[in-house]
Amino acid sequence: QNTAMPAELRNWLVSLRLLNGVPFANLVADSELLPQESIRWFYMDRRWTDALVQGALSVGTVNSDDRIQLDAQYSAPRLTGQTGPITGFLLRSAAVSGWPGMHVRAFDVDPEEGDEARFEEDDPRRIRLLRLERLAPAVLLCLFDGVPKVVHLEEPRQGVQFGFKHEDNGKQR
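As the structure is a computational prediction, the values presented were derived from the model and not from experiment.

### Re the sheet that holds strand S3 (residues 103–107)
- On the basis of which strands lie adjacent, the open sheet formed by three strands has the order S4-S3-S7 and antiparallel pairing. Edge positions in the sheet fall to strand S4 (126–127) and strand S7 (150–154), since each of these pairs with one other strand and no more.
- Judged from the five bridges that link them, S3 and S7 form a sheet pairing that is antiparallel. Looking at the pairing, Phe-107 lines up with Val-150 of S7.

Next up, the structure:
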């Protein structure tokens, strides 16, 4: 008997832990909690995401015998080592709709040089971005693998540049 959890199911459960598919009303209970031009920081409650996954796995179980059989077939994976906190923010701003490709980078140290500090893309102090998604035209959800001390929100680093070459032919207009 194969007791390995199918890869599709495992990937879906990982996605669920990152709140993919969770309705916005379950993330923000009242729109007054996320007013215009605001940012709300949070820690992810792992007990809540555990309950979310358990609820998803319980679909199709009718009684406790079904649940026991499911637990026996797909035993919960035992994690080795400590799992760190997952943090994030919800941003409601015109900047989200104005910059659809907004860059978000988080770091675990305060820059010594102040706000003008430059961090390279492969900086080891950078915190891994787990999820970055526009939930609505002006609402951005961001999840980090750790607790950032500094978060940079930047307009996209792409653009079209126009130029021309002026040749002086001696005539003036």
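### Looking at the packing of helix H1 (residues 7–17) against helix H3 (residues 46–57)
- Relative orientation of the contacting elements H1 and H3 amounts to 145 degrees, with a least axis distance of 9 Å. H1 and H3 meet at a crossing whose hand is right-handed. On H3, the residues that touch Leu-9, Trp-12, Leu-13, Leu-16 and Arg-17 of H1 are Arg-46, Thr-49, Asp-50, Leu-52, Val-53, Ala-56 and Leu-57.
- Considering only residue class, the contact of H1 with H3 consists of eight nonpolar, one polar and three charged.

### What about the packing of aromatic side chains?
- The full count for this structure, using the stated rule, is two aromatic pairs.
- Judged by centre distance (6.1 Å) and plane angle (45 degrees), the rings of Phe-89 and Phe-144 are tilted. Placement of the pair is Phe-89 in strand S2 (residues 87–92) and Phe-144 in strand S6 (residues 139–144), with a sequence separation of 55 residues. For the pair Phe-89 and Phe-144, one class covers both residues: buried.
- The rings of Trp-41, Phe-89 and Phe-144 are connected pair by pair, giving a single aromatic cluster.

### Describing the pairing of strand S5 (residues 129–136)
- Judged from the six bridges that link them, S5 and S6 form a sheet pairing that is antiparallel. For Arg-134, the partnering residue across the bridge sits in S6 and is Leu-140.
- Hairpin geometry of S5 and S6 is characterised by an intervening segment of two residues between the two adjacent antiparallel strands.

### Concerning the environment of Arg-67
- By the secondary structure assignment, Arg-67 is in helix H4 (residues 64–73).
- Using a relative accessible area of 19% as the deciding quantity, one classes Arg-67 as buried.
- Through-space distance from the C-alpha of Arg-67 to that of Leu-57 is 9.1 Å; in sequence the pair is 10 residues apart.
- Every residue in contact with Arg-67, bar those within four places of it in the chain, is listed here: Gln-54, Leu-57, Ser-58 and Thr-61.

### Describing the layout of surface pockets
- Looking at the second largest pocket, its volume works out to about 290 Å³.
- Leu-19, Asn-26, Leu-27, Phe-42 and Leu-90 are, among the 15 residues lining the second largest pocket, the residues nearest its centre.
- Looking at the lining of the second largest pocket, the elements that each hand over two or more residues are helix H2 (24–27), strand S1 (38–43) and H3.
- When residues of the lining of the second largest pocket are assigned to their parent elements, the largest contribution, three residues, is made by S1.
- For the lining of the second largest pocket, the residue count by class is 11 nonpolar, two polar and two charged.

### Comments concerning unusual backbone geometry
- A positive phi angle is found at Leu-19, which is not glycine, with a value near 70 degrees.
- Inspection of the secondary structure puts Leu-19 in the loop between H1 and H2.
- One non-glycine residue, Glu-37, adopts positive backbone phi at about 50 degrees.
- With respect to the element layout, Glu-37 can be found in the loop between H2 and S1.

Procedures and definitions
- Residues numbered from 1 in each chain as written.
- Predicted model: local features only at pLDDT ≥ 70, side-chain atom pairs only at ≥ 80, totals over all residues.
- Heavy atoms only, no water.
- Pairing = 2+ DSSP bridges.
- Helix = DSSP H or I, 4+ residues; strand = E, 2+ residues; numbered from the N terminus.
- Axes fitted to C-alpha atoms, helices over the stretch in contact; angles between N-to-C directions.
- Left-handed = near helix turned anticlockwise from the far one by under 90°.
- Contact = heavy atoms within 4.5 Å.
- Nonpolar A, V, L, I, M, F, W, Y, C, P; charged D, E, K, R; others polar.
- Phe/Tyr/Trp six-rings, centres within 6.5 Å; stacked < 30°, edge-to-face > 60°.
- Buried < 20%, exposed > 50% of the residue type's maximum accessible area, 1.4 Å probe, protein only.
- 1 Å grid on protein atoms, 1.4 Å probe; cavity = no way out; pocket = protein on both sides within 12 Å on 5 of 7 lines; lining within 4 Å.
- Points joined across faces, edges and corners; volume = space filled by probe spheres on them.

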